[in-house]
Amino acid sequence: MAEIKSTALQGGFGRTQRRDAWWVENLPVWILLGGFGIYATLRAFKGDFFQTGPYLSPFYSPLIDADHHIWKWSPALLILIFPLGFRMTCYYYRKAYYRAFFADPPACAVGEPLGRKYKGETKFPFILQNLHRYFFYFALIFIVFLWKDTIEAFWYEGHFFVGVGSLVFLVNIILLSLYTFSCHSWRHLVGGKLDCFSCSVANQSRHGLWKKFSFLNERHMVFAWCSLVSVGFADFYVWMVASGLIKDIRLL
Ligand code: FES
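Read on for an overview of the structure. What you are looking at is a predicted structure, and each value in this text was computed from that prediction instead of being measured.

Regarding unusual backbone geometry
(1) Moving on: The linkage connecting Ser61 with the following residue, Pro62, adopts the cis geometry, with an omega of 0°.
(2) Moving on: Within the element layout of this structure, Pro62 appears in the loop between strand 2 (55-56) and helix 3 (76-79).
(3) Moving on: Cis geometry marks the peptide bond from Asp104 to Pro105, where omega comes out at -5°.
(4) Moving on: One non-glycine residue, Ala109, adopts positive backbone phi at about 65°.
(5) Moving on: Note that Ala109 resides in the loop between helix 5 (91-100) and helix 6 (132-152).
(6) Moving on: In this model, Lys193 sits at a positive phi of 55°, which is unusual for a non-glycine residue.
(7) Moving on: Structurally, Lys193 is set in the loop between helix 8 (184-191) and helix 9 (201-217).
(8) Moving on: A relative accessible area of 80% means that Lys193 is categorised as exposed.

Encoded structure:
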């Protein structure tokens, strides 16, 4: 592999000895991540149709200054940096978009554009990727708010309620929770910085937890994509119902 890689790099952009369709793995990144980026930006700036009945769009939660007493623009812009920063600095997405959007390199053992000086994530702006663990702390707070919104999506006008939107919210928060708790930073918080797993009862417990979260961590890529789709769809659903284009069907 080392030999193939060095040949690819010497050969220039896109040169490789790989015979498989290496570019296919970039397709979902271009379509899904690129599409989500455009959609989420437009929706966040739009600033309307974000709440209806018991539903609050996850793009606008927690809802701050919805009546524009202090902030005259879309309330989503007040909180956007946190979920956006969490996704953009995610270890998995970094690999995906470095390949798909920056061709750095386009795939394993495929040549990248010539003349680049590799600096890794040691220089601005990519050094900011190291903020991921701090965005994770904020993600924990956001998960609490989104669970609260989901519980409220099952309660309307003083009664237990189940609409299609309630189920959309439930699926979304489960996927977002799986994405958050399969994060590498969380796994490190749970079981990292230990020299000996068996030396104390506390360390043994942390080891047990670490193994459980490692199971989730191995599936982080799947949760990253599924939660991206679900959070976009939950917002889209609220938008459609709030604007009157579709009607939320009450199931219970
Ligand atoms: Fe992906 Fe932390 S590594 S969310």
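Some words on helix 4 (residues 81-88)
(1) Moving on: Inspection of helix 4 places Gly85, Phe86 and Arg87 among the buried residues, and these make up the whole buried set.
(2) Moving on: In this structure, the buried side of helix 4 is in contact with helix 5, helix 6, helix 7 (164-181) and helix 10 (220-242).

Criteria and cut-off values
- Residues numbered from 1 in each chain as written.
- Predicted model: local features only at pLDDT ≥ 70, side-chain atom pairs only at ≥ 80, totals over all residues.
- Heavy atoms only, no water.
- Helix = DSSP H or I, 4+ residues; strand = E, 2+ residues; numbered from the N terminus.
- Buried < 20%, exposed > 50% of the residue type's maximum accessible area, 1.4 Å probe, protein only.
- Contact = heavy atoms within 4.5 Å.

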